[in-house]
Amino acid sequence: MASKTDRVMSLRAVRQLRRVRTFYTGGVLLWALLTAFTAWQLPGSRQMWVSALLLAVFSGLLLAASLWLQRLQTTGSRRPAHHAASRKATAPRHAHA
């Protein structure tokens with residue numbers, strides 16, 4: 001059974017990977033636009049190939065972050081169910097006047 005610190009670390013990792021995935025998505029979009037523009041202006045130039053290389057790097061990073069996020073989310077969903085009622089679901093013990 002996983003400890004509470006493992007669960008907290010997992011939630012932190014998921015949040016961080018979501019932020020990183022958003023950043024890499026922006027990088028892929030930016031470099032895709034710049035690669036297309038450079039290929040239109042200067043086809044076959046060094047600038048175009050560097051832009052294409054950076055597009056490939058950001059695409060690889062986006063793919064890796066997406067796979068890690070998917071793996072973390074699937075392992076988190078297999079935790080055992082907790083059947084006790086939550087504190088929010090129970091009625092208050094004291095009546096307030």
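Residues numbered from 1 in each chain as written. Predicted model: local features only at pLDDT ≥ 70, side-chain atom pairs only at ≥ 80, totals over all residues. Heavy atoms only, no water.

> What exactly am I supposed to notice about the overall build of the protein chain here?
The helix and strand inventory of the protein chain stands at 2 helices and 0 strands. A fraction of 69% describes how many contacts in the protein chain between residues 6 or more apart in sequence connect residues 24 or more apart. A total accessible area of about 8300 Å² is found for the protein chain, and carbon and sulfur atoms account for 65% of it. (Helix = DSSP H or I, 4+ residues; strand = E, 2+ residues; numbered from the N terminus. Contact = heavy atoms within 4.5 Å. Areas by Shrake-Rupley, 256 points an atom, 1.4 Å probe, with all protein chains shown as cover.)

> I keep staring at a nonpolar patch on the surface and nothing clicks. Help me out?
On the surface, a cluster of nonpolar side chains totalling about 250 Å² of accessible area is made up of L53, V57 and L61. Judged by relative accessible area, which is 53%, L53 ranks as exposed. (Patch = residues over 30% accessible without salt bridge, like charges linked within 9 Å, V, L, I, M, F, W, Y side chains within 5 Å. Salt bridge = Lys/Arg side-chain N within 4 Å of Asp/Glu carboxyl O. Buried < 20%, exposed > 50% of the residue type's maximum accessible area, 1.4 Å probe, protein only.)

> Looking at this model, I keep getting lost on the environment of L54. Mind explaining?
In this fold, L54 is placed in helix 2 (residues 46–76). With 27 residues separating them in the primary sequence, L54 and G27 have C-alpha atoms 8.8 Å apart.

> Just to check I follow, could you spell out the nonpolar core for this structure?
Counting 8 residues, the largest nonpolar core consists of V14, L17, Y24, V28, F58, L62, A65 and L69. Contributions of two or more residues to this core are made by helix 1 (4–41) and helix 2. When sequence neighbours within four positions are dropped, the list of residues in contact with A65 reads L17, V20 and Y24. (Core = buried A, V, L, I, M, F, W, Y, C linked by side-chain atoms within 4.5 Å.)

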